[in-house]
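# Secondary and tertiary structure notes
In case you want the letters, here they are:
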Amino acid sequence: KMQINSGPDAWFSEICSSALIRNLQLWEPSFQDYYRMGRSRFTSRMASPNKSHAPCPVSPPSLPPASCAHSALSWCCEWLRCCGGGEPRPRTVWLGHPEKRDQRYPRNVINNQKYNFFTFLPGVLFNQFKYFFNLYFLLLACSQFVPEMRLGALYTYWVPLGFVLAVTVIREAVEETRCYVRDREVNCQAYSRLTARGQPPVFLFITQNQRVPADMIFLRTSEKNGSCFLRTDQLDGETDWKLRLPVACTQRLPTAADLLQIRSYVYAEEPNIDIHNFVGTFTREDSDPPISESLSIENTLWAGTVIASGTVVGVVLYTGRELRSVMNTSNPRSKIGLFDLEVNCLTKILFGALVVVSLVMVALQHFAGRWYLQIIRFLLLFSNIIPISLRVNLDMGKIVYSWVIRRDSKIPGTVVRSSTIPEQLGRISYLLTDKTGTLTQNEMVFKRLHLGTVAYSLDSMDEVQSHIFSVLLLPQMLNNNLVQVPRHKGPTLTTKVRRTMSSRVHEAVKAIALCHNVTPVYESNGVTDQAEAEKQYEDSCRVYQASSPDEVALVQWTESVGLTLVGRDQSSMQLRTPGDQILNFTILQIFPFTYESKRMGVIVRDESTGEITFYMKGADVVMAGIVQYNDWLEEECGNMAREGLRVLVVAKKSLAEEQYQDFEARYVQAKLSVHDRSLKVATVIESLEMEMELLCLTGVEDQLQADVRPTLETLRNAGIKVWMLTGDKLETATCTAKNAHLVTRNQDIHVFRLVTNRSEAHLELNAFRRKHDCALVISGDSLEVGAGTPPTGSSWEVGGLCCCVLAPSRRSCSCPPTDLGCDIIFSDGGNDVSMIQESDCGVGVEGKEGKQASLAADFSITQFKHLGRLLMVHGRNSYKRSAALSQFAVFSSVFYFASVPLYQGFLIIGYSTIYTMFPVFSLVLDKDVKSEVAMLYPELYKDLLKGRPLSYKTFLIWVLISIYQGSTIMYGALLLFESEFVHIVAISFTSLILTELLMVALTIQTWHWLMTVAELLSLACYIASLVFLHEFIDVYFIATLSFLWKVSVITLVSCLPLYVLKYLRRRFSPPSYSKLTS
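Residues numbered from 1 in each chain as written. Predicted model: local features only at pLDDT ≥ 70, side-chain atom pairs only at ≥ 80, totals over all residues. Heavy atoms only, no water.

Each helix and strand counted, the protein has 38 helices and 32 strands in total. Counting the 1078 residues in the protein, one finds 50% classified as buried. Nonlocal contacts in the protein, meaning residues at least 24 apart in sequence, comprise 74% of its contacts between residues at least 6 apart. (Helix = DSSP H or I, 4+ residues; strand = E, 2+ residues; numbered from the N terminus. Buried < 20%, exposed > 50% of the residue type's maximum accessible area, 1.4 Å probe, protein only. Contact = heavy atoms within 4.5 Å.)

This is the structure we're talking about:
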């Protein structure tokens, strides 16, 4: 697959002078051999017939030869301009010009890692210590190296901090290793190349199911129809195959090796982020006259796409940072949940209290001596008021929540990609959901054909078949004398009307069967092989491929009524009639659909009659100004849209030969222009788009997914405001919202009128705000203006909202203001990735539009109905469990602070680890109601939106409880003190452990068997460790009756009042969930 013309020396020179394709690895051992062992050993190794080596997948960058007179400074400047800085500029790639070797490409290596070998540890530590919580404990541990500030053994401070950091570093290392392995797997893929000595450009062979490694120009294909299909789901999120066409003059070459013999060049626009457009030209200089062809998006192969059919040959255009896929990729922001921010705020409050207590203690000493040093000592002495176990428990709890979500059998296939924000699922106020493929199945069904005077629905398609039969099959049968027709003196009125209607139906169906980008593909079905199926047009082996499911639905409908698309290539189409007659059409021009134009067209020539016809279909908003005047288009489009149908307007225009030749000359000239090509091409096409004949309207329906209605109703009852985003027109979006029960039947709908400035948007928002229980429908243009207007909270607090005619680039601005609560984005399309990354919580679903949204989301599910359980059950449980866990950790720290000076050494470590860690952490298994109850009563979720489980009120209550219990234990031990100080430690510490275990039991709502094990295990560990704590506790004293009754009294006094208060509260003011459990 490589051409080596002059042996290893020439091949080595070629390596050193060729251009780099950055996505692939260079043959590094060969270069190491050359530089370490010398040129002679390298060439001998390459020339050895006994050793085989894999071909170098691509060429390295142009390196200055040793004999070159270029200065090192100029070469470095040129290299830096290529690889780092400078504005992107248009590029010319020379083919067959050995003397022009100035093409330079950025390195084409995929690197998704956050760190490298040298920045890993500093980067991880910086990301940890930039937050107040971790920085506090680092400074605390470092202060113990100062003798004047040391309070105890160093391990009592460094062991807990080291454990937290070790867990974080190991987790980051595992993620970085996995990322490195994935990147290396992609970077080490080998590709066959076609190149010659001294020729910088590299032609790559890419076979079926291979990933395209760089942005390339499509030159040749092995497919007989002269085209290939491309899978772009990892680029734009769409799973439908895209048709790509090679450069015509290179496709006509006899073999791929002839590419090395021609002299040509490719001129391309500067690198940009637009994956749907491209401007360039291909010029062949060695022909007479020189041939110039315009290059568009149909001639490109973007990196990250996959070849779906045949083998293609392309020339590399852009690499590395200049790739379309790289330029469209933004670094996702690091999401921090609202719960973590609240915990961080509470931590700062504790630190403030710590500072105040320290100042009070120094003030009591009248700031005598070195009072500032005394403040630091008191800060260190009371530092345990901020528990380091809080961060450990919360991080471990997030892992448990993620594991529980993945293991839920009722939502199979759920993936947790961001394990740092599971509590965010319990604080959702807004749900922004895509429509197509998310609420709907993205499976289009043809529903309506409207001709103006008559409409055909599913139950009357047999009439359409009869019209097609009368036009296409009846004349053929008459010619073959297969049907006897009675003679009349003249045609009747009924016959004339039927002929007129039949011809209108036939023209409409033929236009739908020709105006599209659908290609029939034949596959082997086990009985007929692929070649035979394609030759015989086997119906059972035919599959339609297109970039839109709407077009596939239309072509499948024309097949059902008798006009079947059986073949298509780059320049022709074949239709089969009910009588198995093949109608051949030559494709003269194709104008693909774009979001800006909202229409597509095709110019074809009927081979049997020579007639040239221009067919076009598109949205009614643009087609209304193109077709001839009529009085029914706007009304019928509105009627069909109100039924939830996606409407297309189909029209045609007959062209004379001279008219088409004049258009073609102007069109080719416009396509060859490099500057303002899109504008010039659009101007030429618009010269044809005048006074077109309106043929028909088509209506297709996108059916709802399973259980969409009950899921949306559940979310609404839970207090979540649902916004639907769609590109459909206003009437279609409104009908779909009603059909999905996003808007109730008796709910008013306020249509946000089109506004052009902020003052108009403000007035319209005020008009909407005055209405009660009203849904809002707003267009993309108005939303963009309204997003720039600072609205009040009530202006956006709308239960049902439809954003229609919303372009992908505008969807990220549709997120509600951040001060109104957390939002969740739910989508399946790659065009919503930016919106998912900007949201507080992104949920993706694997649908017809690919996996890009699913891969970019924080959570991934398989069906929309699973969203209800994800929020109502797992989101609610995660938030409530973490709230209890964090408050109990704060309680433990303040509770322990009351008697902290009494305990030293292992007692400090043991209290926060083996003695109490398991019971406290077992709270991650607690739940107040069963999952079935949480799904049946979504109103329980509404209580979480106000943040009551973790608030300043609950925080203050737990602090007061801890102060009461800590004081009770401390002063109780002092009152019952008899002879030795070690007895105080034994009594108070034992009461401390027992009270902690009893408080965990008091907090638990539903017991799990692991909770019981944790309680008993912790108590057993403490009893067993008493044998080794003789340094702190008198072992003989704890075996006496005096020790037992003193500990029992202190524990009873500290816990009994709280149990009584809990009983009275549940008796006279029970929480909402307790009513359901009872």
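On to the nonpolar core, then. Core analysis: the biggest nonpolar cluster contains 84 residues, and Leu712, Leu715, Ile720, Ile824, Phe859, Leu867 and Leu871 have the highest contact counts within it. Aside from chain neighbours lying at most four places away, what touches Leu871 is Leu425, Ile428, Leu715, Ile720, Ile824, Arg876 and Tyr941. Among the nonpolar cores identified, the runner-up in size contains 43 residues, and Leu204, Leu260, Leu301 and Ala303 belong to it. (Core = buried A, V, L, I, M, F, W, Y, C linked by side-chain atoms within 4.5 Å.)

You will see that Asn209, though not glycine, has its phi angle at about 70°, which is positive. Checked against the element boundaries, Asn209 lands in the loop between β3 (203-206) and β4 (215-221). If you check the backbone angles, Asp676 has positive phi at about 55° while not being a glycine. Examined against the element boundaries, Asp676 turns out to sit in the loop between α20 (657-672) and α21 (677-686). Judged by relative accessible area, which is 55%, Asp676 ranks as exposed.

This part is about the packing of aromatic side chains. Under the criterion given, the structure shown has 17 aromatic pairs. Judged by centre distance (4.2 Å) and plane angle (15°), the rings of Phe446 and Trp557 are stacked. Of this pair, Phe446 sits in strand β15 (residues 440-450) while Trp557 is found in helix α17 (residues 549-560), placing the two residues 111 residues apart along the sequence. Residue Trp557 is classed as buried on the basis of its relative accessible area, which comes to 5%. Linked through ring pairs, Phe591, Phe614, Tyr660, Phe663 and Tyr667 together constitute an aromatic cluster. We note Lys721 situated over the ring of Tyr430; from NZ or CZ to the ring centre the distance is 5.7 Å. (Phe/Tyr/Trp six-rings, centres within 6.5 Å; stacked < 30°, edge-to-face > 60°. Lys NZ or Arg CZ within 6 Å of the ring centre and 35° of its normal.)

Under the UniProt annotation, the feature "transmembrane region" (unreviewed entry) is placed at residues 341-365, 905-925, 955-975, 981-1002, 1009-1029 and 1035-1061. When the span residues 955-975 is considered, its composition is 100% helix and 0% strand, and the gap between its end C-alpha atoms is 30 Å. Here residues 1009-1029 runs as 81% helix and 0% strand, with 30 Å between its end C-alpha atoms. (UniProt positions renumbered as here; feature names shortened; annotations may be inferred.)

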